[in-house]
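Okay, here's what each chain looks like letter by letter:
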Amino acid sequence: MVKNLIIVNFLIIIGIQAIAQERADERERMVKQQLISRGIRSKAVLDAMRKVERHRFVPTEVSSQAYNDYPLPIGEGQTISQPYIVAFMTEALELKPTDKVLEVGTGSGYQAAILAEICREVYTIEIVESLGKQAAQILKQLGYTNVHVRIGDGYFGWPEAAPFDAIIVTCSPSDVPEPLQQQLAEGGRMIIPVGEGQVQELVLITKQNEKLKRQHRLPVLFVPMRDKKGKRY
Ligand code: SAH
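Let me begin by describing the structure that accompanies this report. (Residues numbered from 1 in each chain as written. Predicted model: local features only at pLDDT ≥ 70, side-chain atom pairs only at ≥ 80, totals over all residues. Heavy atoms only, no water.)

**Quick look at the site of the ligand**
- Close to the ligand lie 25 residues, the nearest being S108, E126, D153, G154 and R226.
- Between the ligand and the protein, one listed contact pairs a nitrogen atom with a side-chain N or O atom of T170 at 3.1 Å.
- Mapping the ligand onto the cavity grids shows that it belongs to the largest pocket.
- Elements represented by at least two residues in the shell around the ligand include exactly β2 (78–80), β3 (100–104), α5 (110–118) and β4 (121–126).
- Top element by residues in the shell around the ligand is β2. It accounts for three residues.
- Split by residue class, the shell around the ligand holds eleven nonpolar, ten polar and four charged. (Near = heavy atom within 4 Å. Polar contact = N/O pair within 3.5 Å; in protein donor to acceptor, adjacent residues only side chain to side chain. 1 Å grid on protein atoms, 1.4 Å probe; cavity = no way out; pocket = protein on both sides within 12 Å on 5 of 7 lines; lining within 4 Å. Sits in = over half its atoms within 2 Å of the grid points. Helix = DSSP H or I, 4+ residues; strand = E, 2+ residues; numbered from the N terminus. Nonpolar A, V, L, I, M, F, W, Y, C, P; charged D, E, K, R; others polar.)

The structure is reproduced here in structure tokens:
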């Protein structure tokens, strides 16, 4: 009897470990082949990308492709970014564990989970209600108590929670929204894809002595930032 119990316990422990490390080998390969090989160096970012189970954030139809080197559809015509772009943007923000971060464009919630692994508090806004609700649910299931999800228009930021040490925008406006510039803390960093055409420019903005400095980083392709009527910003 005791022996049986021990065996049962042993099997449960093995089972829990298997679940905890689900597809860990695929993540390790993604980190090596897609991130380290392209120059991502931040240990905090690489560790977060190793840990967060990206396959939980994508629809089951594309789950087998969750760790592949391209963006994937998440419904409502939106996409989850390619893993490299998630890592690149996160690294560019030079996050500290004490930072409070704003994300505009929650989408699947994957980027929010990566941020939540690295910093203190994450505020994320999604304009499509069904996506925001689903992201909030999965983030809660996975135990992220430091992520706050709001359904709304992220163009206006989240004034009650401002200022933010870092801001990441994962949909593309034609220029940097004024409210986001104001809600960036002194010494803060913002990464945002800006542009009107098919291809945009990923811009890193830093705020020093109340002044904003812009640096161009990469040409990228993001879904447009839209208002509640669907009009492009
Ligand atoms: N960061 C996401 C990817 C987001 S795709 C992830 O990790 O999965 C961009 C998202 O921005 C889409 O879900 C789109 O609905 C949302 N979006 C577009 N305009 C917006 C706006 N004005 N405010 C908030 N979200 C917006």
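There's more to say after this.
**Concerning the side chain of E53**
- One can find E53 in the loop between α3 (43–51) and β1 (72–75).
- Engagement of the side chain of E53 in a polar contact is seen with the side chain of R56, the distance being 2.8 Å.

**Digging into the sheet that holds strand β6 (residues 164–169)**
- Across the sheet, seven strands lie side by side as β5-β4-β3-β6-β7-β8-β9; this open sheet has mixed pairing. Strands at the two margins of the open sheet, each flanked by one partner only, are β5 (147–151) and β9 (211–220). Neighbour-to-neighbour, the strand axes of this sheet turn through a mean angle of 15°, independent of strand direction.
- In this sheet, strand β8 (residues 200–208) lies alongside strand β7 (residues 184–194) in antiparallel orientation, the contact comprising six bridges. Looking at β8, one finds that R189 is bridged to T206. (Pairing = 2+ DSSP bridges. Axes fitted to C-alpha atoms, helices over the stretch in contact; angles between N-to-C directions.)

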